[in-house]
Amino acid sequence: MLPQVGGKAANLGELASAGLPVPAGFCLTTDAYRRALSTSGLDEVCSALESTSTVDLPQLNQLAGQARSLVLDVGVPAEIAEAVRSAYAALGHEVPVAVRSSATAEDLPFASFAGQQDTFLNIVGVDSVLDAVSRCWASLWTDRAVTYRATNGIDHASAALAVVVQEMVDSTVAGVMFTANPVTGKRSESVIDASPGLGEAVVSGAVNPDQYIVDTVSGSILKRAVGDRQVEIRSMPGGGTQRVERTRQEARQEAAIQPCLSDLQIRDLAGLGQVVEKHYGAPQDTEWALDADGKLWLTQARPITTLYPQTTRRPPAPEVHAFLNFSLAQGLTRPLTPMGLAGIRLIASCVAKTAGFAVPDPRSGPSPYYEAGQRIFFDLTSALRSRVGRKIVPRVFDVMEARSAMLMRGLFGDPRFSVTSRTPLKLIRHVAPVAAKYRVPETLFLGLFRPEAAMDRVERLNSDLRKTITVPAQATAHQRVAHVQRILGAEVFATVPQVLPLPVLGFALLALVGRILGEQASYDELQAVIRGLPNNVTTEMDLALWQLASEIREDPDAAASMAGKTAETLVEQYRDATLPVVAQAGLDRFLRTFGLRAVAEIDLGMPRWVDNPTHILGVLANYLRLQPGSGDPHQQFRKAAGEADKQVARFVARARSISPLHALVVRAALDRTRRFAGLRELPKYNLILGIAAAREQLLLVGQELAASQRIEQPEDVFFLDLDAVENALAGEDRRGAVAGHRAAYEQELRRRHIPRLLLSDGTEPEAAAGANVQQRPGTLSGSPASAGLVTAPARVIMDPVGAHLEPGEILVAPSTDPGWTPLFLTAGGLVMEMGGPNSHGAVVAREYGIPAVVGVPDATIRLSTGQLITVDGGAGTVGTEDPEGAENSTV
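The rules behind these values
Residues numbered from 1 in each chain as written. Predicted model: local features only at pLDDT ≥ 70, side-chain atom pairs only at ≥ 80, totals over all residues. Heavy atoms only, no water. Helix = DSSP H or I, 4+ residues; strand = E, 2+ residues; numbered from the N terminus. Rg over C-alpha atoms; globule rule 2.2 N^0.38 Å. Buried < 20%, exposed > 50% of the residue type's maximum accessible area, 1.4 Å probe, protein only. Contact = heavy atoms within 4.5 Å. Areas by Shrake-Rupley, 256 points an atom, 1.4 Å probe, with all protein chains shown as cover. Lys, Arg positive; Asp, Glu negative; His and termini not counted. Charge placed at Lys NZ, Arg CZ, Asp CG, Glu CD. Pairing = 2+ DSSP bridges. Axes fitted to C-alpha atoms, helices over the stretch in contact; angles between N-to-C directions. Salt bridge = Lys/Arg side-chain N within 4 Å of Asp/Glu carboxyl O. pLDDT = per-residue confidence, 0-100. Core = buried A, V, L, I, M, F, W, Y, C linked by side-chain atoms within 4.5 Å. Polar contact = N/O pair within 3.5 Å; in protein donor to acceptor, adjacent residues only side chain to side chain. Parallel < 35°, antiparallel > 145°, perpendicular 65-115°, else oblique. Left-handed = near helix turned anticlockwise from the far one by under 90°. Nonpolar A, V, L, I, M, F, W, Y, C, P; charged D, E, K, R; others polar.

Caption draft 1: Geometry of the overall build of the protein. Helix and strand counts for the protein come out as 35 helices and 24 strands. Over its C-alpha trace the protein gives a radius of gyration of 31 Å, about what one expects of a compact globule, namely 29 Å for 891 residues. Overall size of the protein, expressed as C-alpha extent along the three principal axes, is 100 × 65 × 60 Å. Out of the 891 residues in the protein, the part that is buried amounts to 55%. Within the protein, contacts between residues separated by at least 24 positions form 69% of all contacts whose residues are at least 6 apart in sequence. Taken as a whole, the protein presents about 37500 Å² of accessible surface, with 54% of it coming from carbon and sulfur. Where the 85 positive side-chain charges of the protein centre and where its 97 negative ones centre are 10 Å apart.

Caption draft 2: Representation of unusual backbone geometry. Its identity as a non-glycine residue notwithstanding, asparagine 122 has a phi of 55°, on the positive side. Locating asparagine 122 in the fold gives a position in strand S3 (residues 119-123). Even without a glycine there, the phi angle at arginine 229 is positive, about 60°. Along the chain, the position of arginine 229 falls in the loop between strand S8 (221-225) and strand S9 (231-235). Its relative accessible area of 14% is what places arginine 229 among the buried residues.

Caption draft 3: Region of interest: the environment of isoleucine 80. For isoleucine 80, the location among the structural elements is in helix H5 (residues 78-91). Under the relative-accessibility criterion, isoleucine 80 is labelled buried at 8%. Separated by 48 residues in sequence, isoleucine 80 and alanine 32 have C-alpha atoms that sit 6.8 Å apart. Filtering out sequence-adjacent residues up to four positions away, isoleucine 80 remains in contact with Leu28, Ala32 and Ala36.

Caption draft 4: Spotlight on the sheet that holds strand S15 (residues 375-379). Taken in spatial order, the four strands of this open sheet run S14-S15-S13-S16, and their pairing is antiparallel. Each edge of the open sheet is held by one strand with a lone partner, namely strand S14 (369-372) and strand S16 (757-759). Adjacent strand axes in the sheet meet at a mean angle of 35° when their direction is disregarded. The sheet contact formed by strand S13 (residues 322-325) and S16 spans three bridges and is antiparallel. Bridge assignment links alanine 322 to a residue of S16, and that residue is leucine 759.

Caption draft 5: Representation of the pattern of salt bridges in the model. Going through the model one piece at a time under the given rule, you end up with 40 salt bridges. When the shortest N-O distance is used, the salt bridge between aspartate 723 and arginine 363 registers 2.6 Å. Taken together, the residues span a long stretch of sequence, with aspartate 723 in helix H31 (residues 722-729) and arginine 363 in the loop between helix H12 (338-354) and S14 at a distance of 360 residues. Classification of aspartate 723 as partly exposed rests on a relative accessible area of 39%. Each of Arg100, Asp285, Glu287 and Arg302 takes part in a single network of salt bridges with overlapping partners.

Caption draft 6: The confidence of the model for the protein, seen in detail. A residue-level look at the protein finds 95% of positions with pLDDT of 70 or above and a mean pLDDT of 90. pLDDT under 50 marks residues 883-891. Its contacts with residues more than four places away, or in other chains, come to 21 contacts.

Caption draft 7: Spotlight on helix H27 (residues 614-624). In terms of residue burial, H27 counts as a mostly covered element, since eleven of its eleven residues are buried. Listing the buried residues of H27 in full gives Thr614, His615, Ile616, Leu617, Gly618, Val619, Leu620, Ala621, Asn622, Tyr623 and Leu624. On its buried side, H27 packs onto helix H23 (537-553), helix H24 (556-562), helix H25 (567-575) and helix H26 (581-594).

Caption draft 8: Local environment of the nonpolar core. Grouped together as the largest cluster of nonpolar side chains are 135 residues, with contacts concentrated most on Leu488, Ile552, Phe651, Val725 and Leu811. Leu63, Val71, Val76 and Phe120 belong to the second-largest nonpolar core, a separate cluster that totals 44 residues.

Caption draft 9: Local environment of the environment of aspartate 361. Along the chain, the position of aspartate 361 falls in the loop between H12 and S14. The spatial distance from the C-alpha of aspartate 361 to the C-alpha of leucine 346 is 9.3 Å, given a sequence separation of 15 residues. A polar atom in the side chain of aspartate 361 sits 2.7 Å from the side chain of serine 364.

Caption draft 10: Here's a closer look at the side chain of threonine 311. Tracing the backbone through its elements, the reader meets threonine 311 in the loop between strand S12 (296-303) and S13. Only 2.8 Å separates the side chain of threonine 311 from the backbone oxygen of arginine 313, close enough to count as a polar contact. Residues contacting threonine 311, with those up to four places away along its chain left out, are Phe323, Tyr370, Glu371 and Ala372.

Caption draft 11: Region of the structure containing the sheet that holds strand S23 (residues 868-872). Strand order in this open sheet of eight strands is S17-S24-S23-S19-S20-S21-S22-S18, and the pairing throughout is mixed. This sheet does not close on itself; its edge strands, each paired only once, are strand S17 (779-781) and strand S18 (783-786). The average undirected angle you get between the axes of adjacent strands in this sheet is 30°.

Caption draft 12: Molecular detail of the pairing of strand S21 (residues 829-832). Neither face of S21 is exposed, since Gly829 and Val831 on one face and Leu830 and Met832 on the opposite face are all buried. The pairing of strand S20 (residues 810-813) with S21 spans four bridges and is parallel. The residue bridging leucine 811 from the neighbouring strand is leucine 830, located in S21. In this sheet, strand S22 (residues 852-854) lies alongside S21 in parallel orientation, the contact comprising two bridges.

Caption draft 13: The arrangement of the packing of H25 against H27 in detail. One can describe the packing of H25 onto H27 by two numbers: an axis separation of 8 Å at closest approach and a directional angle of 115°. Comparing their axes, H27 and H25 come out roughly perpendicular. In terms of crossing hand, the pair formed by H25 and H27 is right-handed. Mapping the contact onto sequence places Ala567, Glu568, Leu570, Val571 and Tyr574 in H25 and Thr614, Leu617, Gly618 and Ala621 in H27. For the contact of H25 with H27, the class distribution of residues is six nonpolar, two polar and one charged.

Caption draft 14: Structural context of the packing of helix H4 (residues 57-74) against helix H7 (residues 143-151). Across the interface, H4 lies against H7 with an axial gap of 9 Å and an inter-helix angle of 120°. Overall, the two elements H4 and H7 adopt an arrangement that is oblique. Between H4 and H7 lies a crossing of right-handed hand. Counting all contacts with H4, which are made through Leu57, Leu60, Asn61, Ala64 and Arg68, the residues of H7 involved are Asp143, Val146, Thr147 and Ala150.

Structure, rendered in C-alpha cells:
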C-alpha cells in the first residue's frame, strides 16, 4: 500500500482500520501524481539531480526550484479533478478539510520526513482543495526534501506523492505526543506537547508549548510545564487560518496562564498513545487534536526514528539492567555484520566458560552478552551492585573510555543499582580458574625475574597460535564451519591471559616507580618512559608502511608514476601487478605481514587489507605527497626511545639518592616496563589473527554457497550467522535473508548517535543526566590524552578507507582502532568522540607525539572540515573558530 498512498495516508488508514479516532477523508494516490506529471519534463530534472554532488547545495536548490515550477504549471488534470470533486462532495457541503502531503519515502522506520512536504489547513471549497493538491505535489521538490533524499541515497525519480484530504478538526487544543521519551530514550514515559488552537503551532515549532511527561506504567504525571502562549494558530470562518501573536508581557497580562490540558485529559491522551504503540509494536510520534466537545482525534502516527534500539533479548529478571557499549570500548562506532556478531558471541562464550560461567549455547553468547543496534553490549548490572566491581570497572574505563566511566559512577546513587555484593569472593571464584589454567602466576614470575624467558615464551605462543588456527586445505564446507567454531570458541582467547599479564606488569611497575619517587617523578616524566616502546605490533605496522613510502620516494620514476593517482587506480595496478617494482614488491611484503588487519577489524565480516588494499594504498599515496624528511616517524620513534632511556637514567639517579637498593629496584622495574608495555597490543592482534583465519574459511564456504545459488555472492556469507550457513549448506535458499540483513546493516551505518550506556527500559543515562555540561563559548572539553598544543584546520573523517588527510591537519574522528593509525603519521593533532587516556588512539598519539583530546561528545558533528581549531592535549580542550571557508562536511 505504501507505494500507492505514501507513509502518512498508509498510517492514517491503518489507524482508522484499527478503530482509532481518525477524521474521515480520502486520498489521491501516487498514480494520480505520476499521471499528472508524466509529460511535465520532470524526468530530465531527476537525471540532473542524480549526477549532482550531495554537497553541491546551490545546484541542488536550483534543480529543486525547476521541479517545483514544472509541477505547478501542470496543475490537476481534468479527470483527476473530477474524482476529487466527487470525493469532496461525499464529505458534506463545503466541509473544511486539511490537505496533507503523503510521500512514499515518508514516515518510514528508518527515516522520518516529517515536515518536509506541505500541509494546508482549513481549506473550504473544491477549487481551493484542487489548488492545495497542486501545491502539495510541488512540495515534494522543496530544497529541504531534495537535499534530504540526496543525502540519504533515495532515488529522486522513485519518490512520488499521495495527498490526503481529511475533515478538519477545529481543535481547542492540539499538539504532538511521543509514546517514549525522545530525549532520554525511556520507553515507559510519554511526552506530550500541547498548545491552544491548531496543532500547526506546535508541529512547526512556532510556540513554546505546554509539556507533560507521563509515566505510562503508573499513570502518574511526572512533569507539567506551561508554555508561553505567545503564538496561537486558529481556523478562520470560511477557510484559512489566522496566526495570533502576543508578546510575553501581553500573554501574561491577558490572563493567568493555566495548563491547556486537565490531568484527566493528559492521562487519556497517554492511554491513547499506548494503544497506538501496542498496535504498531514500536514507540510512535503522534499528532493529536482535542475538539470543542472534548473528543480526542489522531491526525498522524509515525515511528520515532531517533530512538536507539533496545537489546535484542530482554534480561531474565524484571528489574532494570544497565548495559555497557563494548563496541565503543573497542573504538568501534559502526555496526557489526551478522557474522561478525556471531564471531564475538563465540569468543565471549569462550571467556565466560573459562571463567566458570555456564554457557548453554556458545553460539548465542554468555548470559551477560547482549546486542542492540548491531553493536556489542555487556550487562553491567552485577558490577554496579558489587563493591569490588564499583572499584575496578570504572577505573579500567578511566583509561579506556573515560566518559563511560563517568556515566557508570553516575549510576552509583541510583537505588536500582544499590550494592548487594560486598565481598570479592564471587570475583575470585571466576578469576582464579583462568589464572590457574593459563599459569598467570608463572607468567608474572618470569616477567619479574627472567624477562628474556618471558619474551621467548610469548614468541612460542604466537608461533603455536598460527599452527592452531590452520585448517586443512581439503576440509569440507561443514568441517570449515566447525573449524570456525573451534578457532573462535576455543583457541584465540587462550593467548590473552598468557600474554596480557606482561604489559599489565609493565604498567604496574611504572606506577610503583611513581610511588617510590613520589614528587620526584611527575606524570609527564613517567609518560616519557613509555614512548618509543619496542614490541608494539601496531607501531611496527605504521613504521613499515612509512618505510615503504620512503623506499618508493627514493626511486624518482616510481614516485612520479604513482603521483596524483587515486587509491582505486593504484589498487587496480597492484592487482594487475603493474605498479613500479619497488611498490609492488614492498606492498606484497607489507600485506604478507600485516594484511590480515582491517578497519573495524574485530568484525570478521570486514574485508582485510589483503582482500582490499584500497585504504593502505590511499594512505601510501598521502605519504608520497609529503616532502622528503618532513616529520620522519622513524626519526621521531628513535628520538622518543632515546629520551625514554635518558628519563630512565634520571629516575635511577634520583632513586640512588634514596639508597642503592631503591636504584636497583627502579632500574629493574623500568627495564620491565620498557620490555613489556609495548605488548599491550599483542593480545588483540592475536585475536585478529584468529578472526582473519575464520573469515578465510567462511569465504571458502561462501564460494560454495554462491555456486549452488543459496546466496548471490561469496561475501554474502557474512550477512548470515553460523546456524543460517549450516541451513544453507543443507539446501535452504538464504538470498532473501541476506538482503534483509544487508538493508538493516546499511540502516545502522547511517546512525550517528551511539549511547555509551543503555538501560533496559531504553533510557540513555548520558542524555537523562544532561551530561553535556555548559562549556565556555567556543570550547569543547574531553579527556587529556597526549600533551601538546596545536592550531590547524580540522578534518572530520568518519571512515578512514579512502580518506584524505593533508599534512598537519587535525584528525577529528568518532573513534579509532589500529586500522586508523597510518593516518596518525601525518596528522597534526587528534580529536575523538570516544576513548580515554589509555585507549588505542590516545596511546598511539602519545607514541607519535601529536596533541590529542579524546572523549569529546559529538565532536564529528560540532566541528567541521576546514574549521580552524586549537587542540590542547594537556588540558583536554578543543578551541574553535569559524573562518570563512569551513565546510559542513565529513569524509
